[in-house]
Amino acid sequence: MRSVSAFAKVGISTLVAGAIGAVLAAWWLPDWLPPAAGIEADREDTLYLWLLVVSAVIFCTVVGFLGYSMWKFRARPGDMSDGAPIHGHTGLEIIWTVIPIIIVLGFAVAATIVLNKNESLKQGHMVVNVTGRQFAWSFTFPKRGHVHTGILALPAGRQVEFRLHAPDTDVIHSFKIPALRIGEDVVPGTPTTVDATPTRLGTYAIVCAELCGIGHSQMRNILVVMKPDDWNRWLAQQKKLAKAPPPSQSGNGTTDAAATFSSAGCSGCHTFKPANAAGTVGPDLDNLTADAAKYGKGETAEQYVRESIVDPDKVIVSGFQPGVMPTTFGTSLSSAQIDALVSYLLKGGG
Ligand code: HEC
Ligand SMILES: [Cu+2]
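Below, the structure is looked at part by part. (Residues numbered from 1 in each chain as written. Chains lettered and ligands numbered in written order. Predicted model: local features only at pLDDT ≥ 70, side-chain atom pairs only at ≥ 80, totals over all residues. Heavy atoms only, no water.)

**Details of the coordination of the copper ion (ligand 2)**
- Protein ligation of the copper ion (ligand 2) involves His173 (ND1), Cys208 (SG), Cys212 (SG) and Met219 (SD), the donor distances falling in the range 2.0 to 2.5 Å.
- Of note is the copper ion (ligand 2), whose four donor atoms meet at the metal with angles of 92 to 126° in an arrangement that counts as tetrahedral.
- Owing to a relative accessible area of 0%, His173 belongs among the buried residues under this scheme.
- Overall, Met219 belongs to the buried group, its relative accessible area being 0%. (Donors = N, O, S within 2.8 Å, 3.2 Å for Na, K, Ca; no water. Tetrahedral: all angles 85-135°; square planar, octahedral: opposite > 155°, others 65-115°. Buried < 20%, exposed > 50% of the residue type's maximum accessible area, 1.4 Å probe, protein only.)

Written as structure tokens, this is what we have:
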């Protein structure tokens, strides 16, 4: 009888410790996942949270019994006898078979529900064609006149079906957007799809998650989730750009900067006459010198412009929002490209 009550005591106290541990883990959960920016991401994170909670309880229970047994049944000094021969305990066997079955089946059901919800396409969803090639992603919007874009902008709140493809002569890539918790292989000759519904405004990373060659680590791109109105304007702008003549070539270095200005997606968001850009998501860059004086706080215009590109959320131009301009140019562009952009912008195109 006594051993049974000790067993119950250990069981209860480890379960309590496990529950407290689980709550603490849930409370002080470190930010080990990127911010969740979509409906599917929220569902998956909830599933992971419950996996974590249940794992914490099981972990504490197992370690509790382990610790208790090591202490309780330790060999006393001088005791050289063998341990008692113990055979199975049917009750215990049943308990530790049935409980895990319930837990595993419970999670299987919960995960199936999440998967079904995440993969069910609603009517009126958007389609984005994604092409992965060594070593860049590119996007077209087939229902919107096949506009072709380098950065991926999406309106918040719309479900998107990504149709993934790679040219037959290319290699396997994997389209991954950590903030949306999606990832799917992109296989030459075999189209695949993946769905997501971005909901939180902001700039997020798009990466390749399949080692695809020497430039794999550079195969990164930017997802900007915008308000639907901003997005419509952005798309209209992209359409216009597709028809506009290429930026005029003039002066040393400006050609490169002009090319960067359009390839990095600046022209989709900013108006800048020398580049034939008329984006309205961000401020007009034709008055940069004046803005630099207004917002620069004693910095030179050059310092201000550089900072606006590398760390756009540090100073927010009035009438605009933080979190819209990508914060990744400091790493995605070389310092020579940034230098060229700064002087291109300040000289009004040279
Ligand atoms: C997705 C849209 C978007 C893209 C792409 C983008 N920007 Fe911006 N940009 C903004 C917004 C919105 C602001 C205003 C908020 C702020 O001040 O950070 C801004 C601000 C700026 C400013 C400060 C403007 C001022 O008047 O003070 C500069 C300079 C700038 N961007 C340059 C660039 C360059 C260069 C690129 C390309 C390498 C670029 N931006 C790409 C949206 C964008
Ligand atoms: Cu790749």
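Now, onward.
**Notes on the packing of aromatic side chains**
- Scanning the entire structure with this criterion turns up eight aromatic pairs.
- Plain terms: the ring middles of Phe141 and Trp234 are 6.0 Å apart, the flat faces sit at 75° to each other, and that makes the pair edge-to-face. Of this pair, Phe141 sits in strand β2 (residues 136-141) while Trp234 is found in helix α4 (residues 228-243), placing the two residues 93 residues apart along the sequence.
- On the basis of relative accessibility, which here comes to 0%, the residue Trp234 falls in the buried class.
- Geometrically, the ring pair formed by Phe261 and Tyr344 is edge-to-face, given 6.1 Å between the ring centres and 65° between the ring planes. Taken together, the residues Phe261 in helix α5 (residues 254-263) and Tyr344 in helix α10 (residues 335-346) connect sequence positions 83 residues apart.
- Here the aromatic residues Trp137, Phe162 and Phe175 are joined through ring pairs into a cluster of three or more. (Phe/Tyr/Trp six-rings, centres within 6.5 Å; stacked < 30°, edge-to-face > 60°. Helix = DSSP H or I, 4+ residues; strand = E, 2+ residues; numbered from the N terminus.)

**Concerning the site of ligand 1**
- Taken together, 29 residues form the shell around ligand 1, and within it Cys266, Cys269, His270, Asp291 and Met325 come nearest.
- Separating a nitrogen atom of ligand 1 from a side-chain N or O atom of His270 is a distance of 2.8 Å.
- One nitrogen or oxygen atom from the main chain of Pro312 is found 2.7 Å from an oxygen atom belonging to ligand 1.
- Sorting the residues of the shell around ligand 1 by element identifies β10 (220-226), α6 (266-269), α7 (288-295), α8 (301-310) and α10 as the ones contributing at least two each.
- No other element matches α8, which puts three residues into the shell around ligand 1.
- Residue composition of the shell around ligand 1, grouped by class: 23 nonpolar, five polar and one charged.
- Domain assignment of the residues forming the shell around ligand 1 places at least three in each of domain 2 (126-238) and domain 3 (245-346). (Near = heavy atom within 4 Å. Polar contact = N/O pair within 3.5 Å; in protein donor to acceptor, adjacent residues only side chain to side chain. Nonpolar A, V, L, I, M, F, W, Y, C, P; charged D, E, K, R; others polar. Domains from an automatic or database assignment.)

**So, the nonpolar core**
- Formed by 65 residues in total, the largest nonpolar core has its most connected members in Val128, Phe162, Phe175, Trp234 and Phe261.
- When residues of this core are assigned to domains, at least three fall in each of domain 2 (126-238) and domain 3 (245-346).
- Sequence-distant contacts of Phe261, that is, excluding residues within four places in its chain, are made with Cys266, Ser267, His270, Phe272, Ala275, Ala277, Leu285, Leu341, Tyr344 and Leu345. (Core = buried A, V, L, I, M, F, W, Y, C linked by side-chain atoms within 4.5 Å. Contact = heavy atoms within 4.5 Å.)

**Brief notes about the pattern of salt bridges**
- Going through the model one piece at a time under the given rule, you end up with seven salt bridges.
- Across the salt bridge formed by Arg181 and Asp45, the nearest N and O atoms sit 2.8 Å from each other. Taken together, the residues Arg181 in the loop between β6 (173-177) and β7 (182-186) and Asp45 in helix α2 (residues 39-72) connect sequence positions 136 residues apart.
- On the accessibility criterion, Arg181 (15% relative accessible area) is buried.
- Linking Glu161 and Arg163 is a salt bridge whose minimum nitrogen-to-oxygen distance equals 3.3 Å.
- On the basis of relative accessibility, which here comes to 8%, the residue Glu161 falls in the buried class.
- Judged by its relative accessible area of 39%, Arg163 is partly exposed. (Salt bridge = Lys/Arg side-chain N within 4 Å of Asp/Glu carboxyl O.)

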